[in-house]
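Here's the letter readout for the chains.
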Amino acid sequence: MKPRLVETLTQEEKNFLLQVNAEESNAESWPEPEKIEPSLLPVEEFDPGMIPGPLREWLTDISWRMQCPVDFVAVAAVVAAGALIGAGCGIRPKQKDDWLVIPNLWGGIIARPSMLKTPALADVLKQVKKLELEAKEHYEEELLLSEADAEILKAQKEAIKSKMLQAAKGKGSETLEELRQEYALLEQPEAPVRRRFITNDATIEKMAELLNENPRGILYFRDELVGFLVNLDREDRQADRAFYLEAWNGFGSYTTDRIGRGTIDTNNLCVSILGGIQPSRLTGYLMQAKDDLQNDGLLQRFQLLVFPDEPKVWQLIDEYPNREARDRAFRIFHALASMDFGSYGAVQPEADGRPYFHFTDDAQGVFNDWLIDLQEKLQKEDSPLMVEHLSKYRSLMPSLALIFHLIDIADGQATGGVSSMAALNAMFWCEYLETHARRIYGMVGDTAQRAASELAKKIKQGRLQ
């Protein structure tokens, strides 16, 4: 068949030919496809020198033997130390203002399952669980004595009742009124209270009871934080979410009313949180935090949330643990858990309030300069999520400084006001943590890139026509 002249084609046929020619021309000019993969912002590498000196050998030893990032164990140890101090004391970051900060921290490790985040966290928390075991053994001993005291009280009551019976018959040397007074003066033995340091799962009603019995607070540890977050997302658990939001600052109060339990007033609402989470499971919660209607600041309270790079080199290490460093760490944790802060320089308010520390003069200058720089950074920051996250550093920096100072005190190396060395180290931690926060929130910053990544994955799996 002879080809038709262009002049004989209909307008519809001409348009079709123009479209085909344009597509062929574009196809020839397309570059080679580039690999689509989610990109992560760079983070500052953790410097082991930022670990408080008394704990450095212990934590670097764990990191070396496990071949895991030192960030894992450093974050876990700092959160655990803050939990042991809890609401027992605070720091007033300004010299004259009564602004009080409680060193209560929330932290987490973001990593793939193969990076040993769970064993690393568990190894650090062994020291806290040793305290828990000691407290349990002491409680059981006290419970036996309490049961004996209860039997003594029972015998005393029976003896007085017997005398009352005799007095009612006109016998005996004591009158009924005297025996009545004697019976009323009998003291009910106090039931022993078990000291708690850590829990893995508890309803808010049970948590309120634990906090009543442990006014310094408690560490809530979840191996997988996603379970904790999913639970708080449920419509029927909004009260739980409110409870933990209130528990972050460390000195709030909370009242629960339940049938059967009655009313429970918690005066020191102080809960530290620690756990691990996989990057893929965190994305949904980051999207929620990005939504102004759903964002209530829960994720931003995880100030010690870190997402370190995976180690480029791995070695098989089979060495004995550094027992001396581990024992030193336990002595420090034990001292923090039982410390009388007033004996080491804390100011005790006249109104029987919570003891607190101040910065030394040199450390005060460090904090003031840092706070001014933070305020300037907040004014220039474009990301609403980062503004909300960094604004909470106002309490993070003094919290870290107080924790580092009290670790030195527990090791017998310091006393008095919070030192400039502790303040500088806290400032370095904030700089390091800021880079991790930018990486974490950056996971949902470029939604087009993530959409392309998901589309490429489905094409590769043959799930699309």
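Thresholds applied
Residues numbered from 1 in each chain as written. Predicted model: local features only at pLDDT ≥ 70, side-chain atom pairs only at ≥ 80, totals over all residues. Heavy atoms only, no water. Pairing = 2+ DSSP bridges. Helix = DSSP H or I, 4+ residues; strand = E, 2+ residues; numbered from the N terminus. Contact = heavy atoms within 4.5 Å. Axes fitted to C-alpha atoms, helices over the stretch in contact; angles between N-to-C directions. 1 Å grid on protein atoms, 1.4 Å probe; cavity = no way out; pocket = protein on both sides within 12 Å on 5 of 7 lines; lining within 4 Å. Points joined across faces, edges and corners; volume = space filled by probe spheres on them. Nonpolar A, V, L, I, M, F, W, Y, C, P; charged D, E, K, R; others polar. Buried < 20%, exposed > 50% of the residue type's maximum accessible area, 1.4 Å probe, protein only.

> Teacher, can you tell me more about the sheet that holds strand β7 (residues 271-277) here?
Within a sheet, neighbouring strands are paired by backbone hydrogen bonds and run either parallel or antiparallel to one another. Taken in spatial order, the 5 strands line up as β3-β4-β7-β2-β8 in an open sheet, and their pairing is parallel. A strand with exactly one partner marks an edge of an open sheet, and here the two such strands are β3 (198-199) and β8 (304-306). Strand direction decides the pairing type here: strand β4 (residues 218-224) and β7, joined by 6 bridges, are parallel. The residue of β7 that forms the bridge with Leu219 is Ser272. Its contacts with the sheet put helix α6 (residues 204-213) on β3, β4 and β7, and the angle it makes with β4 is roughly 140°.

> What is the right way to read empty space enclosed by the protein from this model?
If a probe the size of a water molecule is rolled over the atoms, the empty space left behind becomes visible. Counted under the stated rule, the structure contains 5 cavities of 30 Å³ or more. Estimated volume of the second largest cavity: approximately 60 Å³. Take the lining of the second largest cavity: its biggest share by element is 4 residues, from helix α14 (residues 420-442). For the lining of the second largest cavity, the per-class residue count stands at 8 nonpolar, 2 polar and no charged.

> Where do I start with unusual backbone geometry in this structure?
For Gln67, which is not glycine, the phi dihedral falls at a positive 55°. Inspection of the secondary structure puts Gln67 in the loop between α2 (53-66) and α3 (70-85). By relative accessible area, Gln67 is classed as buried at 15%. One non-glycine residue, Leu116, lies in positive phi territory at about 65°. The exposure class assigned to Leu116 is partly exposed, which follows from its relative accessible area of 32%.

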